[in-house]
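The lines below spell out each chain.
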Amino acid sequence: MLTKVLGTTQVLTLSGSPQTVTVVNNVQAGPPNVIKVRIATTQPAFIDFGKAANASTSMLLPQNTAEHFKLDSTSTVSVLQAASGGVITITPVA
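Throughout, a residue's number is its position along its own chain's written sequence, starting from 1. Totals for whole chains, interfaces and linings use every residue, but because this is a predicted model, local features are given only for residues with pLDDT of at least 70 and side-chain atom pairs only at 80 or more, for both listing and counting. To get the side-chain values, take all heavy atoms of the structure and skip hydrogens and water.

> Whenever I open this one, the pairing of strand 4 (residues 45–49) confuses me. Can you help?
Burial runs high along strand 4: four of the five residues are buried. Each pair of strands is called paired provided DSSP finds at least two bridges between the two strands. Going along the chain from the N terminus, every DSSP run of H or I of four or more residues is numbered as a helix, and every run of E of two or more is numbered as a strand. Relative to strand 5 (residues 59–61), strand 4 runs antiparallel, the two being bridged by three bridges. By the bridge assignment for strand 5, phenylalanine 46 is matched with leucine 60. Partly exposed residues are those whose accessible area sits between 20% and 50% of the maximum for their type, while under 20% is buried and over 50% is exposed, using a 1.4 Å probe and protein chains only.

> Where do I start with the pattern of salt bridges in this structure?
Oppositely charged side chains may form a pair once their charged atoms are brought near each other. The term salt bridge refers to a side-chain nitrogen of Lys or Arg lying within 4 Å of a carboxyl oxygen of Asp or Glu. A complete count under the given rule lists one salt bridge for this structure. For the salt bridge of aspartate 72 with lysine 70, the shortest nitrogen-to-oxygen distance reads 3.9 Å.

> Looking at this model, I keep getting lost on the sheet that holds strand 5. Mind explaining?
Remark on secondary structure: sheet strands pair via backbone hydrogen bonds, oriented parallel or antiparallel. Read from one edge of the open sheet, four strands run 2-7-4-5, paired in antiparallel fashion. With partners counted over all chains shown, the strands left at the sheet margins are strand 2 (19–22) and strand 5, one partner each. Between one strand axis and the next, the sheet turns through 30° on average, direction left out of account. Two elements, strand 2 and strand 7 (residues 76–81), share four bridges in a ladder whose sense is antiparallel. Pairing of glutamine 19 across the sheet is with valine 79, part of strand 7. For helices, the fitted axis covers only the stretch in contact; all axes are lines through C-alpha atoms, and the angles between them, taken along N-to-C directions, range from 0 to 180 degrees.

> What should I look at first to understand the packing of aromatic side chains in this one?
The relation between two aromatic rings is expressed through the spacing of the ring centres and the mutual angle of the planes. Any pair of Phe, Tyr and Trp rings, taking the six-membered ring for Trp, is counted once the centres come within 6.5 Å. Such a pair is stacked with planes under 30 degrees apart, edge-to-face with planes over 60 apart, and tilted for the rest. Across all of its chains, the model carries one aromatic pair by this definition. With 5.2 Å between their ring centres and 50° between their planes, phenylalanine 49 and phenylalanine 69 make a pair best called tilted. One end of the pair, phenylalanine 49, is in strand 4; the other, phenylalanine 69, is in strand 6 (residues 65–71), and 20 residues separate them in sequence.

Below, the structure is given as structure tokens:
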């Protein structure tokens, strides 16, 4: 799926501790407080929105996957490695 990038891509090295980033889009893409993001990962990763990611309640994004999400009430994304190594990118999109 092709999408228009609206902000800076954040690249994180996955680790055993949750990492939280705030997504900022440079152009308002929709109603207030709605941000769309593309998250891509090279290794399996747990992700959550608005709270710290953890292995028991967060969703698992498989390795070598890119998915789009709509953030309605938060602008934070938290990630946690499910396997050692790898990177994950978080990009605001239209």
